[in-house]
Amino acid sequence: MQLYIDGEFYSREDAKISPFDHGFLYGDGVFEGIRAYSGRVFRLSEHLDRLYDSAKTIDLQIPLSKEEMTEAILETCRKNNLKDAYIRPLVSRGVGDLGLDPRKCEKPTVVVFAVEWGAMYGDLYEKGLKAISVSIRRNPAESLPPNVKSLNYLNNILAKIEANYKGGDEAIFFDTNGYVSEGSGDNIFVVKNGSISTPPTINNLRGITRLVGIEIANELGINISERNMGYYDLYSADEVFVTGTAAEIAPITLIDGRVIGNGKPGAITRQMMEKFKIVVQNEGTPIY
Ligand code: PMP
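Below or above, wherever it landed, is the structure these notes cover.

Procedures and definitions
Starting from 1, residues in each chain are numbered consecutively following that chain's sequence as written. Given that this is a predicted model, residues contribute local features only at a pLDDT of at least 70 and side-chain atom pairs are listed and counted only at 80 or more, while totals for whole chains, interfaces and linings are drawn from all residues. For side-chain calculations, the full set of non-hydrogen atoms in the structure is used, while hydrogens and water are omitted. Here a residue is considered near a molecule or strand provided that any single heavy atom belonging to it is located within 4 Å of it. Counted as a polar contact is a pair of N or O atoms within 3.5 Å, where, for protein atoms, one must be capable of donating a hydrogen and the other of accepting one, and residues adjacent in sequence contribute only when both atoms are in side chains. For the area figures, the Shrake-Rupley method with a 1.4 Å probe applies, and any residue is considered shielded solely by the protein chains shown. Secondary structure elements follow DSSP: runs of H or I no shorter than four residues count as helices, runs of E no shorter than two count as strands, and numbering proceeds from the N terminus. Basically, the charged four are Asp, Glu, Lys and Arg, the nonpolar ten are Ala, Val, Leu, Ile, Met, Phe, Trp, Tyr, Cys and Pro, and anything else, Gly included, counts as polar. Pairing of aromatic side chains here covers Phe, Tyr and the six-membered ring of Trp, requires ring centres within 6.5 Å, and sorts the geometry by plane angle: under 30 degrees stacked, over 60 edge-to-face, intermediate tilted. Partly exposed residues are those whose accessible area sits between 20% and 50% of the maximum for their type, while under 20% is buried and over 50% is exposed, using a 1.4 Å probe and protein chains only. Note on geometry: a ring has a charge over it if NZ (lysine) or CZ (arginine) is within 6 Å of the ring centre and within 35 degrees of the ring normal. Basic side-chain nitrogens of Lys or Arg form a salt bridge, by our definition, when they fall within 4 Å of a carboxyl oxygen of Asp or Glu.

1. Regarding the site of the ligand
The ligand sits among 17 residues. The nearest are Tyr153, Glu182, Ile208, Thr209 and Thr245. Contact distances for the ligand include 2.5 Å between a nitrogen atom and a side-chain N or O atom of Glu182. Burial of the ligand by the protein amounts to 95% of the accessible area it has alone, namely 380 Å². The set of elements that each furnish at least two residues to the shell around the ligand consists of helix H6 (208-219) and strand E14 (239-244). For the shell around the ligand, the per-class residue count stands at 3 nonpolar, 9 polar and 5 charged.

Encoded structure:
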């Protein structure tokens, strides 16, 4: 495995980051999760736009242009002979002193690595995931905006821990207003009477797969809209599914012990999953 760190490639054994890097000390930085399918990177420019917007929001200047970052990502895939990959670019504040002050950090650290990674949830795409609506609230947008894909994922990790303890495969977050927000690492969609709803993107991450899901629903002629939802909408849904780069489109068939629909992935969810498989194979930035 060859990893990119600040313009050089290193083997996994030789790849080293300082413990004084503020990414490690404080989770001060941003990242992306991107997939490549059959030798093409899916929605790369959208992921880079989000990475740079996240960085801008936390006042972090990425030392590479988007073109240079694109090349670093493609070269990382090439060096590892990858065609189907999960790609992880990270930019941290860099090495500083033990204080929080970002001005003490010399320069941002840029890391890119990529691995071969198949279906994240294995046979759960057939069976459906068990979800738990957790008591931990999604970080409110007026604190750490969930739109920033920051290296500080503790809010999400706490949700995952709670869901794990309660026997769930995935957590469902509510926001501090009591509205459905998202999963711990994916966006959420609810199907009722043939129409799809998804929460607006203020108190959750503006998922790139979420947008693909909206595009697919429109192409399939399925009514889709953004609206605030409560737990009533989850429990009384005909179908629920989540979307994310890692998760792709995954059905949820049980929430807090309530069976969703007939307890199997629903017809609209399956249609969306099928179409998604086609879409990801038919576009993207060529690696080779
Ligand atoms: N929400 C959270 C909290 C996430 O970590 C992710 C994964 N990046 C998503 C949603 C889905 O976003 P995307 O479709 O861009 O991967």
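2. Here we look at the packing of aromatic side chains
The tally for this structure, following the rule as stated, stands at 8 aromatic pairs. Taking 5.2 Å as the distance between ring centres and 70° as the angle between the ring planes, the aromatic pair formed by Phe31 and Tyr153 counts as edge-to-face. One end of the pair, Phe31, is in strand E3 (residues 29-31); the other, Tyr153, is in the loop between strand E8 (129-137) and helix H5 (154-165), with 122 residues separating them in the sequence. The class for Tyr153 is partly exposed, based on a relative accessible area of 23%. Relative to Tyr125, the ring of Tyr121 lies with its centre 6.2 Å away and its plane at 55°, an arrangement referred to as tilted. Residue Tyr121 shares its accessibility class with Tyr125, and that shared class is buried. Through a chain of ring-to-ring contacts, the aromatic side chains of Tyr37, Phe42 and Phe276 assemble into a single cluster. Above the plane of the ring of Tyr235 lies Arg258, whose end atom (NZ or CZ) is 4.0 Å from the centre.

3. Here we look at the pattern of salt bridges
Applying the stated criterion across every chain, the model contains 21 salt bridges. Measuring nitrogen to oxygen at the nearest pair gives 3.0 Å for the salt bridge that ties Arg43 to Glu283. Of this pair, Arg43 sits in the loop between strand E5 (40-41) and helix H2 (44-57) while Glu283 sits in the loop between helix H8 (267-281) and strand E17 (285-286), and the two are 240 residues apart along the sequence. We note a salt bridge from Glu182 to Arg138, for which the minimum N-O separation is 2.5 Å. Placement of Glu182 in strand E10 (residues 180-183) and of Arg138 in the loop between E8 and H5 is noted, with a sequence separation of 44 residues between them. Here the salt bridges do not stand alone but share partners, grouping Glu71, Glu75, Arg78 and Lys79 into one network.

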